[in-house]
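# Residue-level structure breakdown
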Amino acid sequence: GNKAVELSPDSSAAKIALSYAQQAAFDIPAARDTLQQAVQQQPNDALALARLAELQLMSGDRKQARESARQAAALDPGLSRTQLTLGYAALAEFDNEAAKTAFKSAIDMSSSDPMAHLGLGLAKISGGDVAAGGRDIEVAVALDSNSALLRSYLGKTYFEEKRAPLDTEQFAIAKQLDPNDPTAYLYDGIAKQTENRPVEAVQDMEKSIELNDNRAIYRGRFLLDQDRAARGVSHARVYRDLGFTQLGINQASESIGLDPSNASAHRFLADTYREVRRHEIARVSEQLQAQMLQDVSLNPIQPSSTETNLNTVTQGGPASTGYNEFTPLFQRNRASATVSALGGSNDTKGGEAVVSGVYNNFSISAGTYHFDSDGWRPNNGLNQDIDNIFAQWAVSPSFNIQAEYRERESEEGDLAFNFDPDDFMQDKTVDRESETARLGLRFSPSINSDVLLSYIQNDRSEKDESSRPDDLLFPDDDFGLRLDERLKTDDEGDQYELQYLWQGKTMNLIAGAAVSEIDRDSTRELDVVDVQGAFGPPGTVIPLAAEQDSDKIDHDRGYLYLNFRPLDSLLFTLGASYEDFDRDEFDESGIYPKLGASWDVNDEITVRAAAFKVMKPVLVANRTLEPTQIVGFNQLFDDINATESKRYAIGVDWDAHRDLTFGAVISKRDMEEPQLQGDTQAVYEDREEENHQLFGYWTPTQSIAVSGKVIYDNYESDEGVATANGSRPLSVRTWSLPLGITYFHPSGVFAGLTGTHVDQKVRRDVNASLADGEDDFFLVDLSAGYRLPKRSGVLSISVKNLFDTEFSYQDDSYREFRDEPATGPYFPDLTILGQLSLSF
């Protein structure tokens, strides 16, 4: 190729030949540059322009590819190659009608070209006609039955039509035809996951990732990294079914490190965090980032996934449906609906329904969610209602706009489990109402850069009423007095965020700024009620105190993160944020550094380490576009606003065998937590958290998955305001050892058994009214379910605390000291829950 160009430097044919040689050498950027030179020298050469469009499409430059294809078609409309290229360029921009016209023209000119029939089939499927598109792809396979790529697409079509086992048969043929092509392994893994064969699915996913770079002859480096990230997301989804939560988090985080603009990775990480305690802000933030980055999509926005601290009974593993569980492999015009219903002990009932649709460059989804339960003890009831609507419009391939509206209403009693099961308030009620409106814009000026603009407006009100015997005024005598307290808080918040993402060959960059403003009005009323009539007529109300307060909370932020990969096995994350928090006269600001590294020591061992400093930001609706994690370690915990924390963490993952993985995580957080005294000053109190884990995951057969963990969690607090009034314990040390086994059968049946040993010690201030002490207990949980045929739904039942074991336990409510408490994960009551999810 180079010799031909030297002999004839002005020859387009020579440069086209050279471009094929460069492509075969996995250098698509060089091939594209060669064709650009050819077009500059011979601007009227239709074949050169068509070839340039192909290479631009391989590089991900859809806009330029279509423009080059249009020029080629205008110069020589009778050349089938130009029509073929024009069709694929139009298809990449979701212009189905233009794509069908171009492919039909290509077929008229060369009816034996299988790629033209494939393109026509894909265009018809994208327009919503799967059956007709499938027939065209079958024609393409008939014309070239030895093409692994065509076999993979035919398998995708059969998967879409729910024609098992024809889909997996085509994937198997594709693997035989080209064992080095990762495509069939990816799609076969997804198919097996939906067929309740997650162990086999993992093996296919791992093979697909291993072979990813073999597509370098068709994909540029940037797109290969996107492919690898996408394969990692599918891999992580299967880990969730197996109950291998930590591996799922690691895989999703790695995908985000490779490609921070990967919407699927953010969405999956959000779904995975539903199974992880104290990650509520991180979860909904990842959900927001996924929405902002996604193209128009049929994937529904579930109301229950958009709000924090629902405190509802959940099921994990194969019983839990999440992102992309029932959605198709092909993006196409269609409408769908998912409906779920649940019911169980303690008069628990609820359900969720979501309808969604996509038409060309527009998508919409709307949903409603309800949950109601009496709880496991008196005054432990909870009622939740959420409604949402979300719409998205791709104005152009580079400009995307979306809008969302949500309402939430909740009523609850005293939910916190403060060690002693009998230590709760009989007459406490909390009512909350929230309305949230959001507008998002995404502009992609080039194939490797995105600009995000987000605005969130939230109105929120909370009413907290409680009654208790008055031991404050008369601690030694019982006069039959009752103390009634009423708290009401109204917040109006606005949050503006701007973010820029850039992707290079060996690095990517995330830069952003945010402004959060909250206007808060609060009232507090305290009355003494003479219940027995000791000082007057029974029921006399004596006003004791009435306070009103208004304040403004502002937080301005800026941040910069750089993920740098000097070697394929080594990733560094460097970052810093600037924080400026202002609440009346209380003002704090500073720079907070971030550092992380991930090293694949060899094919079996990966080491991750991070050290970073964080100020808990003021967040409207509890979410942000800022990265939530550093190499897999979460940095956004549900702390009090303006809490300063330093986290040091290291993790090791060891693939000891194809079917056996071990790992360890050591983590420590040092916190300075502000305790506001009036509006003018804050007293900082020191807290310390340690969380260390050892875990092992094993798949001894293709039907069984085993998981085990040893978790040490320790919380320490200095004596201060919060510990003296009883809201915070001085220390909580918890050991937990869960061991679970899950069985999967290709028929769709699955079952699980988990045993968990917990040992906890709680210590409180001597003046605190809440109990402390030590307890240890062992819980057994059961689950079983059935994946309905043709991916139509999941039926499951779970039994928590099978033997109805009674115990004392301190939950995380003292840590989540914000607007909503976080309860669980253990309750001293046998709980049964049945759930049915259906997809239409």
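First, a word on what this report is: a plain description of the structure on this page. (Residues numbered from 1 in each chain as written. Predicted model: local features only at pLDDT ≥ 70, side-chain atom pairs only at ≥ 80, totals over all residues. Heavy atoms only, no water.)

### Overview of the pairing of strand β13 (residues 586–600)
Across 14 bridges, strand β12 (residues 570–583) lies against β13 in antiparallel orientation. Within β13, the residue paired with Leu 570 across the bridge is Trp 599. Counting the residues that bridge the hairpin from β12 to β13 gives two residues, and of these Asp 584 lies at a positive phi of roughly 55°. From the end of β13 to the start of strand β14 (residues 605–615), which pair antiparallel, there are four residues. (Pairing = 2+ DSSP bridges. Helix = DSSP H or I, 4+ residues; strand = E, 2+ residues; numbered from the N terminus.)

### Description of empty space enclosed by the protein
Vacant regions in the atomic arrangement are exposed by a probe of water-molecule size rolled over the atoms. Using the criterion set out here, one finds eight cavities of 30 Å³ or more in the structure. Roughly 220 Å³ of internal volume is contained in the largest cavity. Ile 256, Ile 510, Asn 563, Pro 627 and Gln 629 are, among the 22 residues lining the largest cavity, the residues nearest its centre. Breaking the lining of the largest cavity down by element, the ones donating at least two residues are α15 (245–258), α17 (280–293), β9 (481–503), β11 (540–567), β12 and β15 (629–630). Tallied by class, the residues present in the lining of the largest cavity amount to twelve nonpolar, nine polar and one charged. (1 Å grid on protein atoms, 1.4 Å probe; cavity = no way out; pocket = protein on both sides within 12 Å on 5 of 7 lines; lining within 4 Å. Points joined across faces, edges and corners; volume = space filled by probe spheres on them. Nonpolar A, V, L, I, M, F, W, Y, C, P; charged D, E, K, R; others polar.)

### Structural notes on a negative patch on the surface
On the surface, Asp 387, Glu 407, Glu 409, Glu 411, Asp 431, Glu 433, Glu 435, Asp 459, Glu 465, Glu 492 and Asp 521 cluster together into a negatively charged patch. Mapped onto the elements of the fold, Glu 407 is located in strand β5 (residues 399–412). Residue classification places Glu 407 among the partly exposed residues on the basis of a relative accessible area of 32%. (Patch = residues over 30% accessible without salt bridge, like charges linked within 9 Å, V, L, I, M, F, W, Y side chains within 5 Å. Areas by Shrake-Rupley, 256 points an atom, 1.4 Å probe, with all protein chains shown as cover. Salt bridge = Lys/Arg side-chain N within 4 Å of Asp/Glu carboxyl O. Lys, Arg positive; Asp, Glu negative; His and termini not counted. Charge placed at Lys NZ, Arg CZ, Asp CG, Glu CD. Buried < 20%, exposed > 50% of the residue type's maximum accessible area, 1.4 Å probe, protein only.)

### Description of helix α3 (residues 28–41)
Taking 1.5 Å of rise per residue, the 14 residues of α3 would be expected to cover 20 Å, and the 20 Å separating its terminal C-alpha atoms lies within 8% of that figure. Residues of α3 that are buried include every one of Ile 28, Ala 30, Ala 31, Thr 34, Leu 35, Ala 38 and Val 39, and no others. (Expected span 1.5 Å × (residues − 1).)

### Notes on the environment of Gly 493
Mapping Gly 493 onto the fold places it in strand β9. The contact partners of Gly 493, leaving out residues within four places of it in the chain, are Ile 456, Gln 457, Asn 458, Glu 517, Ile 518 and Val 620. (Contact = heavy atoms within 4.5 Å.)

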